[in-house]
Amino acid sequence: MKQKKSFGEIVNVIVHKQIFIPLAALFILVVFNFIADLIVNDGTSFFEITYGMSKDGYHVLSGNLITVIDNASELVLLAIGMTLVTAASGGQDISVGAVIAIAGSVILRIVCGDGSDANTLQAPIILAFFAACIVAMLFGAFNGMLVAYFKIQPMVATLILFTAGRSIAAWINNNELPVMNAPSFGYFGKFIPGIAVPTPVLIAIAGMILIGLVLKFTNLGLYAQSVGINPNSSRLNGINPEVIKLITYVILGFFVAIAGLIKVSRVQSINYSVIAKDIEMDAILAVALGGNPLGGGKFNIWASILGAYVIQMLTTTLFRYNVDATALPAYKAVVVVVLVVLSAPVVRERLNRLFASLKSKNEGKEAA
Amino acid sequence: MKKRLLAMLMSVTMVAGMTACGGSTPAPAADPAPAKTEEAPAVEEEAPAEEAEVEEEAPAATADGELIKVGIINNDPNESGYRTANDADMKATFTADNGYDASFAYSLKNEEQIAAAQKFIQDDVDYLLISAAGTSGWDTVLTDAQNAGIKVILFDRTIDADESLYEASIVSDMAKEGQTAVDWLASQNLPEYKVIHIQGVMGSAAQIGRTKAMDDMVAANDNWTMVTQQTAEWNAETAQQIVQSAIDSKEDFNVIYAENDDMAKGAVAALDKANISHGVDGDVIVMGYDCNKWALEELLAGNWNYDGQCNPFQASYIDEIIQGLEAGTAPAQKTVIMDEKGFDAKTITQDDVDKYGI
């Protein structure tokens, strides 16, 4: 009975998918860069990827696209955790930047030891990373506890660490700014010798696979969603909303620790006041760009991840066209406003209705 | 119910932990003297919120009549490496051995600093040393100090008050720092200067001063061109992205002028990735500011070319002025601009690194 779908219907289906907005945004940025390449025509292309030699004598990939997927890695990891937190608790964690500073500080504190020698590791990186994971997950649990058991608004609950986190980070290292120049410490933020793809990209992919498996083989996704939609009815169905909320914050803490490792490994040092500055806002933006309702409930991790790439693509594009430094945030804001408005559920519903009415008019005409 | 109780208990302990180590932003986390960290939180909790914490450096027993009593009001040493070095310098200079009885107060908030100043006036200090968080609102308290016969010396930051209210003001001249660096660059006599300029947070005093010298030079000379001028907001990683973007666009450049060391470090990471040589005898000249110890070590290794100083060591200047005043001579001028060096990778020595690295 079913007839072949017309082109219009296929478009309609795609447009109604949640992932459409970040995809469309990405597409627009790609087209923009493509056209700009043609117009500027200075012998370079945004899409060019070169296979060059780094200073250490290893082949590495470079180019704008590589920069995008490389620098978006931390944001991708945070977007994964932030989406879960948003879905379950109906709010966002604004302390992720500060907790990255804490995690980074813990890592440097352990690998630098007494700080006597900045060129050799005083302790294995894996140990430092585990310690950072535990610390970041504890802080995640702290946030989760306030949100789940004390029913404090997530933004207010996480405001505590947002304010205090960077001071805690400084305190962990006795207020010093440690530097760790051992080449192996840079593997996580730069390149592993012999592998041409930047390590953060690989870590981000590993994070995606991990969360993909968790969502597939556990009920976490379903539970987080139902808790976000209606905690009372999920309780009646045997789900403990408090525990689910707490778990999502702890998971976010885990991803924050990974992001912290990448950040400190990139520059092999730390500056408490600027590390991962404002990244919480970008992470929330990624969730919003993914079309996820910020009030909790249904979510799509992959749309958030795409949202993270869109944000980095935008940043890299603006750097490429050398937009005046003072005007840069304004350009970013304009694009963000358009995207967020388009991805807002209210607007999408209106648009859907508009399409539907246009369609019925057309059908009416055909019938007549 | 049991679970809930447990959760409550745990949160309470965590909150307590927070206030003890982190919530008390202005003081204990900031305290560089490790011996104090244990007792500091208790002091902080008792101190009223609106009053900056005041801690006694010298024990009361040693405060005999011969010591000069100074009250030092500074910004939170946690603010930056500069401030940490500044505070350590103050603590090292104003000791009982040097004839001082010093008390310290820290805050990033103007009103807390003013409250601390009032307390110092009540304590009847001889000198009040102030690095003000904000420029306004100081007139009343400075007049009070003057009436009480307390001499005021400003350091690091100026305030909007009548010159008669303070003895001297010891400051850095950011425009001069910028000029020193750009003059050094001009003295390299390159046939062409193609500059990637990485700026600090727009509008900060350091950014304005350090940018102006470079802007003027580029505008005045035909062989100086600005390839890219962007703000990385003091952030190493953003600086890396800016330079990466220039490399990906195959821009031709031979100078990286970063307004602090962190950003220079980020820029160098991008150069290394693309195997572009830098430093002494390299293709690209790398310039930074602030003289962090690790940055001076990069200079010593020849990886960078130049590092400009932003001198945090005001204590010796203040000491000199106080000794002068004690001997009855007023300082020659109200505003003392500190000597600030620029280090060249070709001439820097290990002694410089040890002495000037912060």
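Each value, and the rule that gives it
- Residues numbered from 1 in each chain as written.
- Chains lettered and ligands numbered in written order.
- Predicted model: local features only at pLDDT ≥ 70, side-chain atom pairs only at ≥ 80, totals over all residues.
- Heavy atoms only, no water.
- Helix = DSSP H or I, 4+ residues; strand = E, 2+ residues; numbered from the N terminus.
- Buried < 20%, exposed > 50% of the residue type's maximum accessible area, 1.4 Å probe, protein only.
- Contact = heavy atoms within 4.5 Å.
- Areas by Shrake-Rupley, 256 points an atom, 1.4 Å probe, with all protein chains shown as cover.
- Core = buried A, V, L, I, M, F, W, Y, C linked by side-chain atoms within 4.5 Å.
- Pairing = 2+ DSSP bridges.
- pLDDT = per-residue confidence, 0-100.
- Axes fitted to C-alpha atoms, helices over the stretch in contact; angles between N-to-C directions.
- Left-handed = near helix turned anticlockwise from the far one by under 90°.
- Nonpolar A, V, L, I, M, F, W, Y, C, P; charged D, E, K, R; others polar.
- Buried area = accessible area lost by both parts, 1.4 Å probe.
- Salt bridge = Lys/Arg side-chain N within 4 Å of Asp/Glu carboxyl O.
- Patch = residues over 30% accessible without salt bridge, like charges linked within 9 Å, V, L, I, M, F, W, Y side chains within 5 Å.
- Phe/Tyr/Trp six-rings, centres within 6.5 Å; stacked < 30°, edge-to-face > 60°.

(A) Just the overall build of chain B, in detail. Of regular secondary structure, chain B possesses 12 helices and 13 strands. Split into buried and exposed, the 358 residues of chain B put 53% on the buried side. A separation threshold of at least 6 residues defines the contact pool for chain B, and within that pool the share at least 24 residues apart is 72%. Accessible surface, chain B: about 15,100 Å² in total, of which carbon and sulfur atoms supply 52%.

(B) Here's a closer look at the nonpolar core. By size, the foremost hydrophobic cluster in this structure holds 131 residues, and its most contacted members are V76(A), I198(B), V243(B), F253(B) and I256(B). Among the elements that line this core, the one with the most residues is helix α11 (residues 241-267) of chain A, at 12 residues. Apart from the residues within four sequence positions on either side, I198(B) is in contact with Q230(B), A232(B), A239(B), V243(B), I256(B), Y257(B), A258(B), E259(B), M263(B) and A267(B).

(C) Here's a closer look at the pairing of strand β4 (residues 127-130) of chain B. All names here are of chain B. Along β4, one buried face is formed by Y127 and L129 and the opposite face, lined by L128 and I130, is buried too. By the bridge criterion, four bridges tie strand β2 (residues 68-74) to β4 in an arrangement that is parallel. Residue pairing across strands places I73 opposite I130, the latter belonging to β4.

(D) Region of interest: the side chain of Q113(B). Within the secondary structure layout, Q113(B) lies in helix α4 (residues 110-122). Q113(B) has contacts with I73(B), N74(B), N75(B), S107(B), S131(B), A132(B), A133(B) and W138(B), leaving out every residue within four places of it along the chain.

(E) Molecular detail of the confidence of the model for chain B. Residue and element names in this part refer to chain B. On average, residues of chain B score 82 in pLDDT, and 81% of them are at 70 or above. Looking over chain B, one finds the lowest element-wise mean pLDDT in helix α2 (residues 40-46), namely 39, and the highest in strand β9 (residues 255-258), namely 96. Below pLDDT 50 for its whole length, residues 17-53 participates in 58 contacts with residues either more than four positions away or in separate chains. Confidence over residues 55-64 falls short of pLDDT 50; this stretch has 14 contacts with residues more than four positions distant or in other chains. Model confidence for the complex is summarised by a pTM of 0.81, with the ipTM given as 0.87.

(F) Examining the packing of helix α6 (residues 174-186) of chain B against helix α7 (residues 205-220) of chain B more closely. Residue and element names in this part refer to chain B. Look at α6 against α7: their axes get within 7 Å of each other, and the N-to-C directions meet at 35°. Judged by the twist between their axes, the crossing of α6 over α7 is right-handed. Taking contact as the criterion, the partners of M174, A175, E177, G178, Q179, V182, L185 and A186 in α6 are, on α7, A205, A206, G209, R210, A213, M214 and M217. Residues of the contact of α6 with α7, tallied by class, amount to 10 nonpolar, three polar and two charged.

(G) How the structure looks around the packing of helix α3 (residues 81-93) of chain B against helix α11 (residues 315-326) of chain B. Residues and elements named next belong to chain B. Two elements in contact, α3 and α11, have axes separated by 9 Å at closest approach and are oriented at 40°. Taking contact as the criterion, the partners of D89, M90 and T93 in α3 are, on α11, A315, I318 and D319. Looking at the contact of α3 with α11, its residues break down into three nonpolar, one polar and two charged.

(H) Region of the structure containing the interface of chain B and chain A. At the junction of the two partners, chain B supplies 45 residues and chain A supplies 50 residues. A buried area of about 4,100 Å², summed over both sides, lies between chain B and chain A, and 56% of it is on carbon and sulfur atoms. Where chain B meets chain A, there are four salt bridges. A salt bridge links E237(B) to K263(A); the shortest N-O distance between them is 2.9 Å. Counting residues per element, the ones that place at least two in the side of chain B that touches chain A are α1 (2-21), α3, β8 (224-231), α8 (236-248) and α9 (261-273) of chain B. Among the residues forming the side of chain B that touches chain A, the class breakdown is 17 nonpolar, 19 polar and nine charged.

(I) Representation of the environment of P312(B) in the model. Residues and elements named next belong to chain B. The topology assignment puts P312 in the loop between β11 (306-308) and α11. Taking relative accessible area as the criterion, P312 reaches 1% and is therefore assigned buried. As a C-alpha pair, P312 and Y82 span 230 residues in sequence and 6.0 Å in three-dimensional space.

(J) Spotlight on the environment of I19(A). Residues and elements named next belong to chain A. Along the chain, I19 turns up in the loop between α1 (7-16) and α2 (20-40). For the pair I19 and A303, spaced 284 residues apart in the sequence, the C-alpha separation amounts to 4.9 Å. Those residues in contact with I19, other than ones at most four positions away along the chain, are N300, W302, A303 and L306.

(K) Main features of a nonpolar patch on the surface. Together, F27(A), I28(A), V31(A), F34(A), I35(A), L38(A), I39(A) and V40(A) line one region of the surface with nonpolar side chains, adding up to about 830 Å² of accessible area. The topology assignment puts F27(A) in helix α2.

(L) Spatial organisation of the packing of aromatic side chains. Per the stated rule, a full pass over the model turns up 12 aromatic pairs over all chains. Ring geometry for W294(B) and W304(B): centres 6.0 Å apart, planes at 90°, overall edge-to-face. Remark: W304(B) occurs in the loop between α10 (293-300) and β11 and W294(B) occurs in helix α10; sequence separation between them is 10 residues. Like W304(B), W294(B) is buried. One aromatic cluster in this structure is built from F34(A), F46(A) and F47(A).

(M) Geometry of the environment of I126(A). All names here are of chain A. On the secondary structure map, I126 appears in helix α6 (residues 125-148). Note on I126: relative accessible area 53%, which makes it exposed. Between the C-alpha atom of I126 and that of G8, which follows or precedes it by 118 residues, the distance is 53 Å.

(N) Inspection of the sheet that holds β11(B) at higher detail. Residue and element names in this part refer to chain B. On the basis of which strands lie adjacent, the open sheet formed by six strands has the order β8-β7-β9-β10-β11-β13 and mixed pairing. At either margin of the open sheet sits one strand with a lone partner, and together these are β8 and β13 (342-344). Going across the sheet, the axis of each strand differs from the next one's by a mean of 15°, ignoring polarity. Pairing of strand β7 (residues 193-199) with β8 involves seven bridges; the strand directions are parallel. Paired with Q199 across the strands is T231, a residue of β8. Here α8 sits on the sheet and contacts β7, β8 and β9; the angle it forms with β8, its principal contact strand, is near 140°.

(O) The pairing of strand β6 (residues 168-171) of chain B, seen in detail. Residue and element names in this part refer to chain B. Neither face of β6 is left uncovered, since the one carrying A168 and I170 and the one carrying S169 and V171 both have all their residues buried. Judged from the four bridges that link them, strand β5 (residues 151-156) and β6 form a sheet pairing that is parallel. Looking at the pairing, D156 lines up with V171 of β6. Looking at chain direction, β6 and strand β12 (residues 335-337) are connected through three bridges and run parallel. Along β12, the bridge assignment pairs V171 with I337.

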